[in-house]
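One letter stands for each residue in the lines below.
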Amino acid sequence: MYPLDPTKALVMRTLRFSIILALVLLPIASWASGATPSVSLTQLSQLYSSQTGHITPDTYLDQRVTVRAVVAKVSQDPRGRLRVNLVDEAGQIEGRATFEPVFAAQAKTLQQGQPFTAACTIEFSANEPIILGDCQL
C-alpha cells in the first residue's frame, strides 16, 4: 500500500471525527429536544383496533409519543393522582392520561373541550380507554 498524502490523511481523520461526533450527538439532540412521534388519539385507536381485543400493540408499549386529543374531564384517580380523560375530535374514542408530579399542577388547569397535546408513555390497556402515563405538558 502506498503512503497517504499528509493532506488527505488529515482530511480523512477530520471526516472520521465528524461522522463519529454526529453519531454521538444525534441521539442527544433528539432527547434534548424532546422529539417524540406525534399521533392523535384516533391514530392510536387504529393501532389498537388492529389487535385482537383492542390490546396495546407490543411495538408501541412503553413508547413516548406526543398525543393530540380533546380534554373531556379532569379528576383524581383512586390513588390521588391527577387523571385527565380525553376524547378524539369526534368525541368517540376515549383515552386517559396521568401526569408526572411536576406537571400535575399545570394539568389541573385544563378545561373540558380544550385541545390537549402532551408527551406521554403508551401504557398497557385492553379495550378502551387508551392509557397514557407520565405525561408532560
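See the structure shown above.
Rules used throughout
Residues numbered from 1 in each chain as written. Predicted model: local features only at pLDDT ≥ 70, side-chain atom pairs only at ≥ 80, totals over all residues. Heavy atoms only, no water. Disulfide = S-S within 2.5 Å. Helix = DSSP H or I, 4+ residues; strand = E, 2+ residues; numbered from the N terminus. Buried < 20%, exposed > 50% of the residue type's maximum accessible area, 1.4 Å probe, protein only. Pairing = 2+ DSSP bridges. Core = buried A, V, L, I, M, F, W, Y, C linked by side-chain atoms within 4.5 Å. Contact = heavy atoms within 4.5 Å.

Draft legend 1. Representation of the state of the cysteines within the structure. For the structure on display, the rule yields one disulfide. A disulfide bridge connects Cys120 with Cys135, and the sulfur atoms are separated by 2.1 Å. Every disulfide takes its handedness from the sign of the S-S torsion; for Cys120 and Cys135 that torsion is 115°, giving right-handed. With Cys120 in strand β5 (residues 115-122) and Cys135 in strand β6 (residues 130-136), the pair connects residues that are 15 residues apart, well separated along the chain.

Draft legend 2. Fine view of the pairing of β6. Of all the seven residues making up β6, five are buried; the element is thus mostly covered by neighbouring parts of the structure. Where strand β4 (residues 94-99) lies against β6, four bridges are found, and the strand directions are parallel. Within the sheet, the bridge partner assigned to Phe99 lies in β6 and is Cys135. Bridge analysis of β5 against β6 gives three bridges, and the strand direction is antiparallel. Across the sheet, Ile122 pairs through a bridge with Leu132, a residue of β6.

Draft legend 3. Structural context of the nonpolar core. Leu86, Phe99, Phe116 and Leu132 are the most contacted members of the largest nonpolar core, which totals 23 residues. Elements with a contribution of two residues or more to this core: α2 (41-49), β2 (64-76), β3 (82-87), β4, α3 (101-107), β5 and β6. Once residues lying within four places of it in the same chain are set aside, the contact partners of Leu132 are Leu44, Val67, Leu86, Arg96, Ala97, Thr98, Cys120, Thr121, Ile122 and Glu123.

Draft legend 4. The environment of Arg83, seen in detail. Summarising the element assignment, Arg83 is placed in strand β3. Between the alpha carbons of Arg83 and Phe99 there is a distance of 7.2 Å; along the sequence they are 16 residues apart.

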